[in-house]
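# Observations on the three-dimensional arrangement
Take a look at the letters that make up each chain.
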Amino acid sequence: MARDSHSFSRPEEARVQRLELDLAVDFATKTLAGRASLEVARQPGATQLVLDTRDLSIARVTTSRAAPNAGGLAAAQPARFTLSPAQPDFGAALTLDLPPVAVAVAGGGAEVLWVHIDYATSPAAAAVQWLAPEQTAGGKSPFLFTQSQAILARTWIPCQDSPAVRMTYSARIALKAPPGPPLLALMSASNPQVARADGVYEFDMPQPIPSYLMALAVGDLAFASLGRNCGVYAERPVIARASAEFVDLDSMIGAAEKLYGPYRFGRYDVLVLPPSFPFGGMENPRLTFATPTILAGDRSLVSLVAHELAHSWSGNLVTNATWNDFWLNEGFTVYFEHRIMEALFGEEFDEALAVLGLQDLEKSVAEMTAAGQRKDTHLRLALEGRNPDDGMTDIAYEKGARFLQAIEETVGRERFDRFLRAWFDGNAFTSRTTDDFLAFLDRELLTGQPEWKRALQIPAWVDGPGLPSNCPRATSTALARATTAMERFLAGTPARSLDVAGFTTQQWQHFLRQLPASATHAQLAELDAAFALSQRGNSEVLFAWLLPCITHRYEPAFAALDHFLTSQGRRKFLKPLYQELMKSDWGKPLAQSIYAKARASYHAVSRDTIDELLKWRP
Ligand code: BES
Ligand code: ZN
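This text gives an overview of the structure that appears in the document. (Residues numbered from 1 in each chain as written. Chains lettered and ligands numbered in written order. Predicted model: local features only at pLDDT ≥ 70, side-chain atom pairs only at ≥ 80, totals over all residues. Heavy atoms only, no water.)

Taken in spatial order, the three strands of this open sheet run S3-S7-S6, and their pairing is antiparallel. With one partner strand each, in any of the chains shown, strand S3 (48–53) and strand S6 (81–83) form the two edges of the open sheet. Taking the axes of each pair of neighbouring strands and ignoring which way they run, one obtains an average angle of 20° across the sheet. (Pairing = 2+ DSSP bridges. Helix = DSSP H or I, 4+ residues; strand = E, 2+ residues; numbered from the N terminus. Axes fitted to C-alpha atoms, helices over the stretch in contact; angles between N-to-C directions.)

A few words now on the packing of aromatic side chains. According to the stated counting rule, one finds 42 aromatic pairs in the structure shown. When the centroid spacing of 5.7 Å and the interplanar angle of 50° are considered together, the rings of Trp327 and Phe403 count as tilted. Within this pair, whereas Trp327 is found in helix H5 (residues 326–345), its partner Phe403 is found in helix H7 (residues 394–411), the two being separated by 76 residues in sequence. In terms of burial, Trp327 and Phe403 fall into one category: buried. (Phe/Tyr/Trp six-rings, centres within 6.5 Å; stacked < 30°, edge-to-face > 60°. Buried < 20%, exposed > 50% of the residue type's maximum accessible area, 1.4 Å probe, protein only.)

On to the sheet that holds strand S1 (residues 14–26). Taken in spatial order, the seven strands line up as S5-S4-S8-S2-S1-S11-S13 in an open sheet, and their pairing is mixed. Lying at the two open borders of the sheet, with one neighbouring strand each, are strand S5 (77–78) and strand S13 (200–210). Bridging between strand S4 (residues 56–64) and strand S8 (residues 111–121) involves eight bridges; their strand directions are antiparallel. For Ser64, the partnering residue across the bridge sits in S8 and is Trp114.

On to empty space enclosed by the protein, then. All chains considered together, the criterion is met by one cavity of 30 Å³ or more. In this structure, the largest cavity occupies an estimated 50 Å³ of space. Glu245, Phe246, Asp248, Leu249, Met252, Val302 and Val305 together form the lining of the largest cavity. When its residues are assigned to classes, the lining of the largest cavity shows five nonpolar, no polar and two charged. (1 Å grid on protein atoms, 1.4 Å probe; cavity = no way out; pocket = protein on both sides within 12 Å on 5 of 7 lines; lining within 4 Å. Points joined across faces, edges and corners; volume = space filled by probe spheres on them. Nonpolar A, V, L, I, M, F, W, Y, C, P; charged D, E, K, R; others polar.)

Further remarks concern the side chain of Asp52. Relative to the elements of secondary structure, Asp52 occurs in strand S3. By relative accessible area, Asp52 is classed as buried at 0%. Here the side chain of Asp52 touches Asp161 through a polar contact of 2.8 Å, landing on its backbone nitrogen. Those residues in contact with Asp52 that sit more than four places away from it in its chain are Ser7, Phe8, Ser9, Ala92, Arg154, Ile157, Pro158, Cys159, Gln160 and Asp161. (Polar contact = N/O pair within 3.5 Å; in protein donor to acceptor, adjacent residues only side chain to side chain. Contact = heavy atoms within 4.5 Å.)

Of the residues making up helix H9 (residues 434–446), those classed as buried are Thr434, Phe437, Leu438, Phe440, Leu441, Leu445 and Leu446. In a view along the axis of H9, the buried residues occupy a sector of 160°, so they form one face of it. Those residues of H9 hidden inside the fold are in contact with H5, H7, helix H8 (413–426), strand S21 (430–432), helix H10 (450–456) and helix H11 (458–463). With its phi angle positive at about 75°, Gly448 sits one or two positions after the end of H9. (Arc of directions from axis to C-beta.)

This brings us to the environment of Ala296. Examined against the element boundaries, Ala296 turns out to sit in the loop between strand S19 (287–290) and helix H4 (303–310). The exposure class assigned to Ala296 is partly exposed, which follows from its relative accessible area of 26%.

Turning to the coordination of the zinc ion (ligand 2), a few remarks are in order. For the zinc ion (ligand 2), every protein donor is listed as His307 (NE2), His311 (NE2), Glu330 (OE) and Glu330 (OE), and the spread of their distances is 2.0 to 2.8 Å. Around the zinc ion (ligand 2) sit six donor atoms; with metal-centred angles ranging over 52 to 159°, the donor geometry is irregular. All donors of the zinc ion (ligand 2) come from a single chain, and their spacing in sequence reads H-x3-H-x18-E. One end of the pair, His307, is in helix H4; the other, Glu330, is in helix H5, with 23 residues separating them in the sequence. By the burial criterion, His307 is buried, and Glu330 matches it. (Donors = N, O, S within 2.8 Å, 3.2 Å for Na, K, Ca; no water. Tetrahedral: all angles 85-135°; square planar, octahedral: opposite > 155°, others 65-115°.)

A two-sided burial pattern is seen for S19, the buried positions comprising Leu287 and Phe289 on one face and Thr288 and Ala290 on the other. Taken together, the four bridges between strand S17 (residues 268–272) and S19 define a ladder with parallel strand orientation. Note on S19: the bridge partner recorded for Val272 is Ala290. Between the end of strand S18 (residues 281–282) and the start of S19, which pair antiparallel, lie four residues, with Arg286 showing a positive phi angle near 70°.

Before going further, it helps to examine the pairing of strand S10 (residues 143–146). Taking every second residue as pointing to the same face, both faces of S10 are buried, with Phe143 and Phe145 on one and Leu144 and Thr146 on the other. Judged from the four bridges that link them, strand S9 (residues 128–131) and S10 form a sheet pairing that is antiparallel. Across the sheet, Val128 pairs through a bridge with Thr146, a residue of S10. Note that S10 and strand S14 (residues 216–219) share two bridges and pair antiparallel. By the bridge assignment, Phe145 is partnered in S14 with Ala217.

Now the structure itself:
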């Protein structure tokens, strides 16, 4: 197994295989406190267990032979432990001494024992966001959610925080009830559908998962069923909109299973979070976390759900072994997402998404190349010593997906689908490297096919910069209409006379992306007046509009910009907008003053990114 430079743990010596959590959630002190019991398989001769922690206070460590509720807790013996000095992003290694092996293990195999850690989180734990009632849609109850990917699980659970280590888990979560209605607790596990008056919840996750998929959310939440094994959770004022937006969820699961085999995690639910959620979506098993900014009212942004659902195969079932192999999670998932969208909504609709994705990719490649970051445009990353967040670029997502599409086009769809299905089935519940995939590709698809192999240019994709010459392109007739509309507008046709009837979200995005640097304030004002762009509720269209408004210093849109930046915390929207503001002398103070208002409401993931961008000094 490849070494994971982003974890202090040494799973080849002693490996965590099960977690039993017992935590109290205290909204008053903003802490999670209790115990993590870890079942560890130790190799002969291993005398230590190393765990990742960050900002945790460790009160006590004990060990036992028996499981916690098989007498293990009562019989547990204190263990000596040390915490290394903390490093930024990585935290501190918790090293503990394991007791001597009691009896020789037959055949010299691994010995199993339990380690119990009494601990508490810090109110500043980077994974956890504690929201005040005012930051929720309901406005009456506090809210809590976690975001563990990539290496933030260690800020709320002591664990081997590496995607190469899988564990099953159970949890008992006890809420110290704030005043108001009983709150619902949810995890990446079996979930309740109604709140319990005593505030005590029990969870079970029988499938082994890596730590970055550990998740918890607590709030005044409602549930709506959307099918046989799926549904949606959201705050009460949002639940009707959410269930209307996701009516296709059941068919999406069906389409995914038809492509690459049975869904292996039981239920699939979506949790719509408050607007500070820093990502579009997060594929927490059994319970995708999603931003409310995809509730467009017309289902036009549901490809995000297709994406998170696809991770139930690419990511949650077969996992990248290290963050250098991130494209195995995200590139596969974007490819799979397109296949689901095509199956459900047709080739025409999916082509539009593909064109926009390719545009993003080409822009990113150009920017990264200009910034001297050519090596970051390789599919196989070199993130040693860096925050794995640096790998979350269009390269892993879009270049990764294009590579798979290039293979599909070379070998044919039928053969490729059989191959992908075999990849998921043959590697289910394991973590894999890029080399594992390349070996599988060679063996299963390219043996005896030297022309295919040559045509594919595999080394150029995996360990080369930019986009190889066989990168598949995309065209969309729907988007061509948007191009025509913009061309006519620039040639003098009044905005009100443009043919934009029935334009989709993606057509508006495409239209706005083509606003040239030479556009005048009069032209921007005309577009805004004709199409009410500053008033759009659709987050993607509003974003596509606000970006050129900054470039052109179109001040009539700045109230809308201020509102957008202070009312949601999705990093994909925040970063480019703040970045654009920071490019000019007039924009810098505006960025600083908006951020001063907004900062406290952002999750640490977004805050860290914008702090760096603005060189923020509190
Ligand atoms: N797993 C990612 C989110 C992630 C990646 C969080 C790396 C932390 C580190 C999730 O599946 C994702 O890709 N979300 C995208 C949406 C998607 C439709 C491209 C996002 O949040 O923008
Ligand atoms: Zn993803």
